[in-house]
Amino acid sequence: MPQLTLDGNSLTIQQIEEFLRDGVKVRLAPAARAKVNRGHLCIKRILERDQPIYGVNTGFGKLSNIIIRPERIERLQVNLIRSHCSGVGPPMAIDDARLAMLLRANALAKGYSGVRPVVIETLLKMLQAGVTPVVPQQGSVGASGDLAPLAHIVLAMMGEGQVFHHDHIVPAARALKSAKIEPVVLQAKEGLALINGTQAMTAIGIINLIRARDLIKHADVVAAMSLEALRGTPAAFDEGIHALRPYPGQITTAANFRRLLKGSEIVESHRDCPKIQDAYSLRCIPQVHGPIRDTFHHVASVLLTEVNSVSDNPIVFPERNLVLSGGNFHGESIAFAMDFLAIAMSELANISERRTEHMVDPDVSGMPAFLTEGSGLNSGLMLVQVAAASLVSENKCLAHPASVDSIPTSANREDHVSMGTIAARKCRAIIDNVEKVLAIEFLAASQGLEFARPLRASDALEDAHAVIRGKIPKITEDRVFSDDIFKLAAMIRSGEIVTAVEKVIGPLAI
C-alpha cells in the first residue's frame, strides 16, 4: 500500500487526492515526531513553573481569567471536548471528516501545539482502520476555528460519541476496541490543540477545489460541443486576440478550445457563412472560463498555505520556551477563498445555461424546437432548460458571501468571526448544482450534434459524444429526462467524458 508521511510542511493537493481515492497509509515523519515531543515538553516545563497559560491551566473564552488547579487540568480538557460537541444537522460526508482528521494531524505535526505524539498517532490509526467520527455539519462560525466539528472528532478519539465503521454508525468505544485502538486520555492543552483549528472548513474547501477543477475541464468540453451544435465560429479563440489581454486563464481556455475544435467538419462547413458574431455565451467563453480558472488557482494557493500552517491557539515555541496567544484560528482566509470560488462556479453554470437556452430555441439555433422531432406532440428539452434556469437562480442566492457576516460569540470575547465553514458548505451546494447544469448542457449539446449529421465534429468531441451515447440514447421522443441528467452527472463525476477527450488531444490545461 502506498504511504503518506506527514511532516506538517509539505502536504500537497495531489497527495490529498491520493489519500481520498486510494486510502494510503499515513505515518508521522520521525523528524516531526521529535518536534512534536519538544513542544509537549515545553508545556510540561511551563506548567511546573505554575505560570498561567490560556487553555492549559485556565478556563476558555470569557472564562480565561479562571485559573485551574493542577490536579484538574486533565478534567478541564475532557470537559472542553464534551461541552464543545454542540454541532447540529446532518453528518459531514465521510471524505470531509476523514480529510479534516488528516489535516489536523498534519498541523499538529509541525510541533507548535504542545501535544504528545500519541495524540497524532491515534488520529492516524483511526484513519487506517476506517473509524470516522460522525460530525454534524452545522455549528461552526469559523473562529476560534472549527470548534464544534473538531470537538466531535476528538470525542470519538476519547471513545465517546458515534463513528462510521464498516458502513454502519456505531458507538466510538466499540469501533476503537474492534480496531485495537486505545482511546486517547487528554493531557494539558491537548483538547484545545485538537479543536482550535480550521480543518473542517479547509477539508470541505479542498474537496470543493478538486471538484471545481474537474468541472472547469468538463465545462470546456461541453461548451465546445455546444459551439459545434450551434455552428459557432472558432475565430474568437484565435491566439492573437488573447495575447492582447494576457490573463493566464483566458489564454489557457482559448488554447484548449483550439485543440478541442481542431479538424471539425462542422466548423469547416460554415467558415464562410454570413453570420458575423456569435452570442457572448460562445464568443466570450475564454473571457469567462478564464477568470474562473484564475480564481481556481488563487483558491488553490490559499488552501495549500492553510494545509501546512499552524492554526491553533495558544502556540508553543519550544526553542524560546514560550507560549503565545494569537489568532491563527481565524478562518477569514478560507472564508474569502470559498466565497470567491462559489461566485466563480456560479458563473460557470450561468454561462452554461445560456448556451443550453440557445440550443433549445429554434429561432437562435436553427434546429428543431427544444431539440426534438415532432415538436408539439413532443416537448423535448423544454423543461430541462427550465431546470437549468432554476439551478442557476438558486446559485445566485447561495453565492452571497458568507464572509461579509459576523456575529459576536462567547460573551463578546470572540466578537468577530469568519463564517468560513458556512462559506465552504455553501460553495459545495453551488458545485453540486453546477454539476447538474453541465449535465443538462451535455444532454442538449449531444442531441444538437445529431442535427449536424452527416457532418462530424472534431475527433475529440466525437469521442466524447460516443461515450455519452453509450449511456444516453439519442432523443427520438419524450422520456423521463431526469434519468438522463442523473446519468450524465455521474459521468461527470467519474471523469469518463474528459478522459475520452484527453486520449485524443492530451490533457486539458487547467
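Conventions adopted
- Residues numbered from 1 in each chain as written.
- Predicted model: local features only at pLDDT ≥ 70, side-chain atom pairs only at ≥ 80, totals over all residues.
- Heavy atoms only, no water.
- Helix = DSSP H or I, 4+ residues; strand = E, 2+ residues; numbered from the N terminus.
- Rg over C-alpha atoms; globule rule 2.2 N^0.38 Å.
- Contact = heavy atoms within 4.5 Å.
- Expected span 1.5 Å × (residues − 1).
- Buried < 20%, exposed > 50% of the residue type's maximum accessible area, 1.4 Å probe, protein only.
- 1 Å grid on protein atoms, 1.4 Å probe; cavity = no way out; pocket = protein on both sides within 12 Å on 5 of 7 lines; lining within 4 Å.
- Points joined across faces, edges and corners; volume = space filled by probe spheres on them.
- Axes fitted to C-alpha atoms, helices over the stretch in contact; angles between N-to-C directions.
- Parallel < 35°, antiparallel > 145°, perpendicular 65-115°, else oblique.
- Left-handed = near helix turned anticlockwise from the far one by under 90°.
- Nonpolar A, V, L, I, M, F, W, Y, C, P; charged D, E, K, R; others polar.
- Core = buried A, V, L, I, M, F, W, Y, C linked by side-chain atoms within 4.5 Å.
- Salt bridge = Lys/Arg side-chain N within 4 Å of Asp/Glu carboxyl O.
- Pairing = 2+ DSSP bridges.
- Patch = residues over 30% accessible without salt bridge, like charges linked within 9 Å, V, L, I, M, F, W, Y side chains within 5 Å.
- Areas by Shrake-Rupley, 256 points an atom, 1.4 Å probe, with all protein chains shown as cover.

Asks: What should I look at first to understand the overall build of the chain in this one?
Replies: Along the backbone of the chain there are 21 helices and nine strands. Taking 510 residues into account, the globule formula puts the C-alpha radius of gyration at 24 Å, and the chain, at 26 Å, falls close to it. Its C-alpha atoms put the chain at 85 × 50 × 45 Å along the principal axes. Contacts in the chain between residues at least 24 apart in sequence constitute 79% of all its contacts with a sequence separation of at least 6.

Asks: Sorry, what's going on with helix α5 (residues 117-129) here?
Replies: The α-helix advances 3.6 residues per turn, and as a result positions three or four apart in sequence lie on the same side. Helix length check: α5, at 13 residues, gives a terminal C-alpha distance of 18 Å against a target of 18 Å (1.5 Å per residue), a fit within 8%. Listing the buried residues of α5 in full gives Pro117, Val119, Ile120, Thr122, Leu123, Leu124, Met126 and Leu127. Backbone geometry just downstream of α5 places Gly130 in the positive-phi region, at approximately 70°.

Asks: What's the story with the environment of His242 in this structure? I'm lost.
Replies: Mapped onto the fold, His242 is located in helix α10 (residues 239-243). C-alpha separation for the pair His242 and Ala255, spaced 13 residues apart in sequence, amounts to 9.4 Å. Discounting chain neighbours no more than four positions away, the residues touching His242 are Ala236, Phe237, Gln250, Ile251, Ala254, Pro286 and Gln287.

Asks: Quick question: what am I supposed to make of the layout of surface pockets here?
Replies: A water-sized probe rolled over the atoms picks out the places where empty space is left. Considering only enclosed or pocket space, the largest pocket measures out at about 670 Å³ in volume. Forming the walls of the largest pocket are 37 residues, and the residues nearest its centre are Gly61, His84, Leu147, Ser410 and Glu414. For the lining of the largest pocket, the secondary-structure elements that each account for two or more residues are α3 (73-84), α6 (147-157) and α8 (190-195). Of all the elements, α3 adds the most residues to the lining of the largest pocket, at four residues. Volume-wise, the second largest pocket comes out at about 270 Å³. Together, Glu17, Leu20, Arg21, Ala93, Asp95, Asp96, Ile207, Ile210, Arg213 and Arg428 line the second largest pocket. When residues of the lining of the second largest pocket are traced back to their parent elements, those giving at least two are α1 (13-22), α4 (94-108) and α9 (199-229).

Asks: I keep staring at the packing of α1 against α4 and nothing clicks. Help me out?
Replies: Working note: a packed helix pair is described by the angle between its axes plus the distance between those axes. Relative to each other, α1 and α4 sit at 130°, their axes nearing to 11 Å. Taken as axis vectors, α1 and α4 run oblique relative to one another. Every pair of crossing elements has a handedness; the one defined by α1 and α4 is right-handed. Across from Ile16, Phe19 and Leu20 in α1, the residues of α4 making contact are Asp95, Arg98, Leu99, Leu102 and Leu103. Classifying every residue of the contact of α1 with α4 by side-chain character gives six nonpolar, no polar and two charged.

Asks: Just checking my understanding: could you explain the nonpolar core for this structure?
Replies: When a protein is soluble and globular, its nonpolar side chains tend to lie buried together. The biggest cluster of nonpolar side chains holds 149 residues, and the ones touching the most others in it are Val221 and Met345. In terms of residue count, α9 provides more of this core than any other element does, 18 residues in total. Setting aside its immediate chain neighbours within four residues, Met345 contacts Ala212, Leu215, Ile292, Ile430, Ile431 and Val434. Within the second largest apolar cluster, nine residues are counted, among which are Ile46, Ile53, Val56 and Ala188.

Asks: How should the pattern of salt bridges be read in this particular structure?
Replies: Once the charged atoms of two side chains with opposite charge are near each other, the side chains can pair. Enumeration over the complete set of coordinates arrives at 24 salt bridges. Of the charged contacts in the structure, one is a salt bridge between Asp339 and Lys426, with a shortest N-O distance of 3.9 Å. One end of the pair, Asp339, is in helix α15 (residues 332-360); the other, Lys426, is in helix α18 (residues 420-450), with 87 residues separating them in the sequence.

Asks: How should I be thinking about empty space enclosed by the protein in this particular structure?
Replies: Counting across every chain of the model gives one cavity of 30 Å³ or more. The space that makes up the largest cavity amounts to roughly 30 Å³. As for the largest cavity, its lining consists of Met101, Arg104, Leu123, Leu150, Ile153, Val154, Met157 and Leu194. At the level of secondary structure, the elements contributing two or more residues to the lining of the largest cavity comprise α4 and α6. If one sorts the elements of the lining of the largest cavity by residue count, α6 sits on top with four residues. Taken together, the residues of the lining of the largest cavity sort by class into seven nonpolar, no polar and one charged.

Asks: How do you make sense of the sheet that holds strand β4 (residues 132-133) when you look at a structure like this?
Replies: Two strands in a sheet stick together by hydrogen bonds in their backbones, pointing the same way (parallel) or opposite ways (antiparallel). The three strands are arranged β4-β6-β7 in an open sheet whose pairing can be described as antiparallel. At either margin of the open sheet sits one strand with a lone partner, and together these are β4 and β7 (168-171).

Asks: Please explain a nonpolar patch on the surface as it appears in this structure.
Replies: Residues Met382, Leu383 and Val386 make up a contiguous nonpolar surface patch of roughly 250 Å² in combined accessible area. Tracing the backbone through its elements, the reader meets Leu383 in helix α17 (residues 382-398).

Asks: Help me understand the pairing of strand β6 (residues 162-165), please; the structure alone is not making it clear to me.
Replies: Looking along a regular strand, one sees the side chains alternate between the two faces of the sheet. Here β4 runs beside β6; their pairing, made up of two bridges, is antiparallel. Following the sheet pairing, Pro133 is matched in β6 by Val163. In the sheet, β6 pairs with β7 via four bridges, with the strands oriented antiparallel. Bridge pairing in β7 links Val163 to Val170.

Asks: How should the environment of Gly448 be read in this particular structure?
Replies: Along the polypeptide, Gly448 turns up in helix α18. For the pair formed by Gly448 and Glu268, sequence separation is 180 residues and the distance between their alpha carbons is 17 Å. Discounting chain neighbours no more than four positions away, the residues touching Gly448 are Ala229, Met367 and Leu371.

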